[in-house]
Structures are given as C-alpha cells and as structure tokens.
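Residues per chain are reported as follows:
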2 protein chains.
Amino acid sequence: MPFEIRAAVRGDAPLIMALINELAEYEKMTDMVTATAETLEASIFDRHEAEALLLTLDGEAVGYAIYCFNFSTFKGRAGLYLEDIYVRPQYRGRGFGTKTFEYLKAEAQRRGCPRMEWVCLDWNSPSLEFYRGMGAEALPQWVLHRIEF
Amino acid sequence: MPFEIRAAVRGDAPLIMALINELAEYEKMTDMVTATAETLEASIFDRHEAEALLLTLDGEAVGYAIYCFNFSTFKGRAGLYLEDIYVRPQYRGRGFGTKTFEYLKAEAQRRGCPRMEWVCLDWNSPSLEFYRGMGAEALPQWVLHRIEF
C-alpha cells in the first residue's frame, strides 16, 4: 500500500493519542497534555468537536492531522482551523506533509471555507519554512491570548 | 432597562453586521469585509457556525460578541474561541466590556471548555491592556498563519 490519507475511525483513537504525545514532546509541552484516548474518542466521534485524518504508509502510521472550524465575521463564513499536522521524524522529507496539507486545502475549499488558519511556534523553523512553501501568510501582528480554567 | 447581554436572534443580523463594520473600521480592515447581514444570518442561525451576543443599554445597541468553538488536542476538549468583542466608542469606560468578558468566561466554563482563546492586534494597546486585566496570558510565540482561497 502506498501513502494513504484517510478519515480516522473510532478504533484509531489510541494510535492518534500516541502521535499527539509524540508531537507534544517535539513542542516541549508534554506537561500540557491531559487528553487520553478516551477523551479524544469522545470529542471526535461523539461530540464532533473536531475531525481527524490518519496518514499511513504500507499500513503503518506515518502521522495525523486534526482540524476544526472557526468563524470569520469579516468573511461571514466558517474557516478551516488546523489544530495539528504531524509527520513522524522517520517519515519526513518524502512529501507526506505536503500531500496532507494539499488534502486539507482541498477539504477546506470543498466545505466552502474562505480561508484556512493555524498557529506555529516561532522557534519551529522547519515548520515555518514548510508553511511558507505552501503559500501561507504569517500574521505575527495578531497576538494569541488565552485564559485556562 | 439597564445594561443587558442577550443571545442574538435572527432579526439582529443587520444590526450586528453594522457593528462588525464599525469594528472593521477601527481595525483598519474595511477592505476585508465581504460578509453581509444575509450571510451572517445564515452562518449563525442556519449553519450554527458561531454564536452571537448583543449588548444593549436602555434598548440601544452598545456592542456585540461573536464566538465559536475550537479544539485542543492536548486538552482533548473544545475551547471557546472569541472571534469578536466590541463595545461602541461612546459606551466605553463603563464596565460593559468587562461584564461581557466575564459572561463569556462563565459561558465557556458552563460548556466544559478547558480554555478560552482569541487574537488581538499588537498595536491595539487599550485592548491588550484590557485582556491583561481580565487575567489573560499573551502568547506571541504562537504565530498565526493563514491561506485565503
């Protein structure tokens, strides 16, 4: 089987959770992860708070993407918000990230989204460069704010 | 009637659209507004892409807020994402923004959200200061990226 992008199914939750933990390690944020395979499964498959894609090569997990929909009052439409896109280190440099990103762009357009947005850590140079290559505009003038409960 | 915060109803769409245009003027982004009262009404009341609050004083429109829900893979839950909070200039300095923000925080907690997020322009000092006073953490290390279709 070649490289494949498919919608995640319920049984993928433990695998995706393992990949989320790998990404958190890369982002130096493991202390922020409180999700479990069970909460992830409930969020995606019961409450439909987000959608997930699983990336595979010869049936092996290569990475994942999770996205939801935000809203632009200026555009008056929902946009696709990419929460995570992750390719495991040993599978990088083979175009899987590009293929996944193009898939997401097509999905956003298919859903009628006027735009696609995401955030990237300012020290993550390989990703910043990847997004630039994908035609993204960086908007550092918009400062993310957060309150945790 | 005192200051009131209420869920917007279908008939409020033209009024909210007028307030969105006021905000766009303040943010120097009028050229980015393509929404109309009709598209806004369809997004909020037909497709439920976002929810809106109308702020009134003695029945007069004081401002509005529009929010949707994003998703945190680390938390494994949807968070409240505040797209817009706007108080008209002539009504500022009277605590209406604070009351609205507290209302939104309570709403996020009522919905089980682990966090509330939004973005703010880096030159908008009054708003940056307001959010700091509300207990928000600014996260400039997360750089917003966008592709428009």
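Now for a quick tour of the structure. (Residues numbered from 1 in each chain as written. Chains lettered and ligands numbered in written order. Predicted model: local features only at pLDDT ≥ 70, side-chain atom pairs only at ≥ 80, totals over all residues. Heavy atoms only, no water.)

**Examining the overall build of chain A**
Condition: Numbering of helices and strands runs from the N terminus; a helix is a DSSP stretch of H or I covering at least four residues, while a strand is a stretch of E covering at least two. In this treatment the radius of gyration is a C-alpha quantity, and the globule benchmark scales as 2.2 Å times the residue count to the 0.38 power. For the exposure calls, accessible area comes from a 1.4 Å probe over protein chains only, and a residue counts as buried if that area is under 20% of its type's maximum, exposed if over 50%, partly exposed in between. What makes two residues a contact is simply this: any of their non-hydrogen atoms within 4.5 Å. Per-residue accessibility takes into account occlusion by the displayed protein chains alone, with areas from the Shrake-Rupley method and a 1.4 Å probe. Positive charges come from Lys and Arg, negative ones from Asp and Glu, while His and the chain ends are left out of the count. Charged groups are reduced to one reference atom each: NZ for lysine, CZ for arginine, CG for aspartic acid, CD for glutamic acid.
If you tally the helices and strands in chain A, you get four helices and six strands. In chain A, the order of α-helices and β-strands from amino to carboxyl end is β-α-α-β-β-β-α-β-α-β. For 149 residues, the compact-globule estimate of 2.2 N^0.38 gives 15 Å, and chain A sits close to it at 15 Å. Each principal axis of the C-alpha distribution contributes one length, and for chain A these read about 40 × 35 × 35 Å. Classification of the 149 residues of chain A by burial places 57% in the buried group. Of the contacts made within chain A by residues no fewer than 6 positions apart, 59% connect residues no fewer than 24 positions apart. When the accessible area of chain A is evaluated, it comes to approximately 6700 Å², of which 51% is carbon and sulfur surface. Counting 16 positive and 22 negative side-chain charges, chain A places the averaged centre of each group 6 Å from the other.

**A short note on the environment of F96 of chain B**
All names here are of chain B. Following the sequence through the fold, F96 ends up in helix α3 (residues 96-110). Remark: the alpha-carbon pair of F96 and T56, spanning 40 residues in sequence, is separated by 9.5 Å. Ignoring sequence-local partners within four residues, the contact set of F96 consists of F3, L57, V62, V87 and Y91.

**Things to note about the relation of the copies chain B and chain A**
Put simply, the test is: Least-squares superposition of the copies uses the C-alpha atoms of those residues scoring a pLDDT of at least 70 in each of them.
Between the two copies, chain B and chain A, the superposition gives an RMSD of 0.0 Å; the rotation angle is 180° and the shift along the axis is 0.0 Å. Put plainly, the chains are arranged around a two-fold axis. Residues of chain B ranked by C-alpha distance from the rotation axis are headed by N70 of chain B, positioned 3.2 Å from it. The overlap is high: 100% of the interface residues of chain B also sit at the interface in chain A, so the same surface is used on both sides.

**A look at the packing of helix α1 (residues 13-26) of chain B against helix α2 (residues 37-46) of chain B**
Residues and elements named next belong to chain B. So the rule is basically this: Here the axes come from fitting lines to C-alpha atoms, over the contacting stretch only for helices, and the angles between their N-to-C directions go from 0 to 180 degrees. Here roughly perpendicular refers to angles of 65 to 115 degrees, roughly parallel to angles under 35, roughly antiparallel to angles over 145, and oblique to all remaining angles. Crossing handedness follows the turn of the near helix against the far one: under a right angle anticlockwise gives a left-handed crossing, and clockwise gives a right-handed one.
At their nearest, the axes of α1 and α2 sit 9 Å apart, and the two run at 110° to each other. Between α1 and α2, the crossing angle belongs to the class labelled roughly perpendicular. By crossing handedness, the relation of α1 to α2 is classed as right-handed. For the pair α1 and α2, contact is made by A13, P14, I16, M17 and I20 and by A37, L40 and E41, respectively.

**Some words on helix α3 (residues 96-110) of chain A**
Note the cut-off: How far a helix is expected to stretch is found by multiplying one less than its residue total by 1.5 Å.
Compared with an ideal rise of 1.5 Å per residue, which puts 15 residues at 21 Å, α3 of chain A spans 21 Å between its outermost C-alpha atoms and is within 8% of the ideal. Every buried residue belonging to α3 of chain A is among F96, G97, T100, F101, L104, K105, E107 and A108 of chain A, and all of these are buried.

**A few points about the interface of chain B and chain A**
The condition that has to hold: What counts as buried area is the accessible surface, traced by a 1.4 Å probe, that two parts surrender upon association, with contributions from both included. Think of a salt bridge as a Lys or Arg side-chain nitrogen and an Asp or Glu carboxyl oxygen that are within 4 Å of each other. Identification of polar contacts relies on pairs of N or O atoms within 3.5 Å, with a donor-acceptor requirement for protein atoms, meaning one able to donate a hydrogen and the other able to accept it, and with residues adjacent in sequence counted only if both atoms are side-chain atoms. Side-chain classes follow a simple rule in which Ala, Val, Leu, Ile, Met, Phe, Trp, Tyr, Cys and Pro form the nonpolar group, Asp, Glu, Lys and Arg form the charged group, and the remainder, Gly included, forms the polar group. Pairing between two strands is assigned when DSSP locates at least 2 bridges connecting them.
Of the residues lining the interface, 60 residues belong to chain B; the matching set on chain A comes to 60 residues. For the pair chain B and chain A, the two sides together bury roughly 6000 Å², of which 62% comes from carbon and sulfur. Counting the surface chain B buries against chain A, the share from its top three residues, F74, W142 and F149 of chain B, is 16%. Counting every contact that joins chain B to chain A gives six salt bridges. Note that K75 of chain B is salt-bridged to E148 of chain A, the shortest N-O span being 2.9 Å. At the boundary of chain B and chain A, one finds 30 residue pairs in polar contact (both at pLDDT 80 or more). Among the secondary structure elements, those contributing two or more residues to the side of chain B that touches chain A are α1, α2, β3 (60-72), β4 (77-87), α3, β5 (115-121), α4 (125-133) and β6 (137-148) of chain B. Top element by residues in the side of chain B that touches chain A is β6 of chain B. It accounts for twelve residues. Along the lines of polarity and charge, the residues of the side of chain B that touches chain A split into 35 nonpolar, eleven polar and 14 charged. Relative to β5 of chain B, strand β6 (residues 137-148) of chain A runs antiparallel, the two sharing seven bridges.

**Remarks on the pairing of β3 of chain B**
Looking along a regular strand, one sees the side chains alternate between the two faces of the sheet. All names here are of chain B. Across the 13 residues that make up β3, a large majority, eleven, are buried. With seven bridges connecting them, strand β2 (residues 51-57) and β3 associate as antiparallel partners. Across the sheet, L57 pairs through a bridge with E60, a residue of β3. Counted between consecutive antiparallel strands, the loop separating β2 from β3 contains two residues, among which D58 sits at a positive phi close to 50°. The pairing of β3 with β4 spans ten bridges and is antiparallel. Residue C68 lies in a different strand from β4, and its bridge partner there is Y81. Counted along the chain from β3 to the antiparallel partner β4, the turn is four residues long, and its residue G76 has a positive phi close to 70°.

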